Amino acid sequence: GAGVSQSPSNKVTEKGKDVELRCDPISGHTALYWYRQSLGQGLEFLIYFQGNSAPDKSGLPSDRFSAERTGGSVSTLTIQRTQQEDSAVYLCASSLDFGRETQYFGPGTRLLVL
Amino acid sequence: AQSVTQLDSQVPVFEEAPVELRCNYSSSVSVYLFWYVQYPNQGLQLLLKYLSGSTLVKGINGFEAEFNKSQTSFHLRKPSVHISDTAEYFCAVWVGQGAQKLVFGQGTRLTINP
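So, here is what we can say about the structure in this document. Keep in mind that this is a model prediction, so the values were computed, not measured.

### Comments concerning the overall build of chain B
Working step 1: Secondary structure assignment for chain B yields zero helices and 12 strands.
Working step 2: When its helices and strands are written in sequence order, chain B yields β-β-β-β-β-β-β-β-β-β-β-β.
Working step 3: Relative to the compact-globule value of 13 Å for 114 residues, chain B shows a C-alpha radius of gyration of 14 Å, a close match.
Working step 4: Dimensions of chain B along its principal axes, counting C-alpha atoms only, are 45 × 30 × 20 Å.
Working step 5: By the burial criterion, 45% of the 114 residues in chain B qualify as buried.
Working step 6: Looking at chain B as shown, the accessible area adds up to about 5500 Å², and 48% of this sits on carbon and sulfur atoms.
Working step 7: Charge-centre separation for chain B: the mean point of 8 positive side chains lies 10 Å from the mean point of 8 negative side chains.

### Observations concerning a nonpolar patch on the surface
Residue and element names in this part refer to chain A.
Working step 1: Nonpolar side chains collect at one region of the surface, where Val12, Leu112 and Leu114 lie side by side and expose about 280 Å² of accessible area between them.
Working step 2: Mapped onto the secondary structure, Leu114 falls in the segment after strand 10 (109-113).
Working step 3: Look at Leu114 and you get exposed, because its relative accessible area is 54%.

### Examining the sheet that holds strand 7 (residues 75-79) of chain A
All names here are of chain A.
Working step 1: Spatially, four strands are ordered 1-3-7-6 in an open sheet, and the strand pairing comes out antiparallel. Lying at the two open borders of the sheet, with one neighbouring strand each, are strand 1 (5-7) and strand 6 (65-69). Within the sheet, the average angular offset between the axes of one strand and its neighbour, ignoring direction, is 15°.
Working step 2: Taken together, the five bridges between strand 6 and strand 7 define a ladder with antiparallel strand orientation. Within strand 7, the residue paired with Arg69 across the bridge is Ser75.

### Points about the state of the cysteines
Working step 1: Going through the model one piece at a time under the given rule, you end up with two disulfides over all chains.
Working step 2: In this model, A:Cys23 is linked to A:Cys92 through a disulfide, with the two sulfur atoms separated by 1.8 Å. Across the disulfide from A:Cys23 to A:Cys92, rotation about the S-S bond amounts to roughly -65°, and the bridge is consequently left-handed. Here A:Cys23 is found in strand 3 (residues 19-24), whereas its partner A:Cys92 is found in strand 8 (residues 88-95), with 69 residues between them in sequence.
Working step 3: Bridging B:Cys23 to B:Cys91, the disulfide has an S-S length of 2.0 Å. Where B:Cys23 bonds to B:Cys91 through sulfur, the torsion about that S-S bond is close to -65°, and the disulfide is left-handed. Taken together, the positions of B:Cys23 in strand 4 (residues 23-26) and B:Cys91 in strand 10 (residues 87-95) put the pair 68 residues apart, joining distant regions of the chain. Considered together, B:Cys23 and B:Cys91 belong to a single accessibility category, that of buried residues.

### Points about the environment of A:Pro25
Residue and element names in this part refer to chain A.
Working step 1: Here Pro25 shows up in the loop between strand 3 and strand 4 (31-38).
Working step 2: C-alpha separation for the pair Pro25 and Ser73, spaced 48 residues apart in sequence, amounts to 6.4 Å.
Working step 3: The residues contacting Pro25, other than those within four sequence positions of it, are Val4, Leu32, Arg69, Ser73, Val74 and Ser94.

Conventions used here
Residues numbered from 1 in each chain as written. Chains lettered and ligands numbered in written order. Predicted model: local features only at pLDDT ≥ 70, side-chain atom pairs only at ≥ 80, totals over all residues. Heavy atoms only, no water. Helix = DSSP H or I, 4+ residues; strand = E, 2+ residues; numbered from the N terminus. Rg over C-alpha atoms; globule rule 2.2 N^0.38 Å. Buried < 20%, exposed > 50% of the residue type's maximum accessible area, 1.4 Å probe, protein only. Areas by Shrake-Rupley, 256 points an atom, 1.4 Å probe, with all protein chains shown as cover. Lys, Arg positive; Asp, Glu negative; His and termini not counted. Charge placed at Lys NZ, Arg CZ, Asp CG, Glu CD. Patch = residues over 30% accessible without salt bridge, like charges linked within 9 Å, V, L, I, M, F, W, Y side chains within 5 Å. Salt bridge = Lys/Arg side-chain N within 4 Å of Asp/Glu carboxyl O. Pairing = 2+ DSSP bridges. Axes fitted to C-alpha atoms, helices over the stretch in contact; angles between N-to-C directions. Disulfide = S-S within 2.5 Å. Contact = heavy atoms within 4.5 Å.

So, in structure tokens, the structure goes:
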């Protein structure tokens, strides 16, 4: 079956603009995760969803970051008033259930803020 | 707090030679350990995982890892590498208490030379 897909694959934006990153998880996966991968920073956990609910938002870097998930499927990560330090690859993953389940990753969205 | 340390940021190896990628974790509770691989311009893919049972875990592509509780290690090994194994390898630990999330190490870039 289809894997996790993300769009766009690349995004170039100007400082101060808002961006939306989309993630389509594997069908039937109830848990969805967002990570940020930066040079020299490794993989940073941002937020997870169980169904449409995000129990813990403490991993989001600032209040400019928000995420939602609708219909237990598609998720959108929104970054408002982008800054140059937001430049990174944003990875989405999904798993059958929440917990120590195997996470399946999408190819990522490469964001460049000029 | 749980953390993961990958002791080598880069490992160059000749083709058909054995390789070991080192991973140490810190945790005061039960751990669930994972190795993921990221090929160039792709998302992460699960290589293997340890949840319980046998401490020697076999994964895809001929890789294996051994969970050593006393040394808090989960080193990844392959007896004979191929050019196609060139990738970045991430060790991760599932944090099941508090902020539940997958915590990744900084990654080890494995380069296979002919």
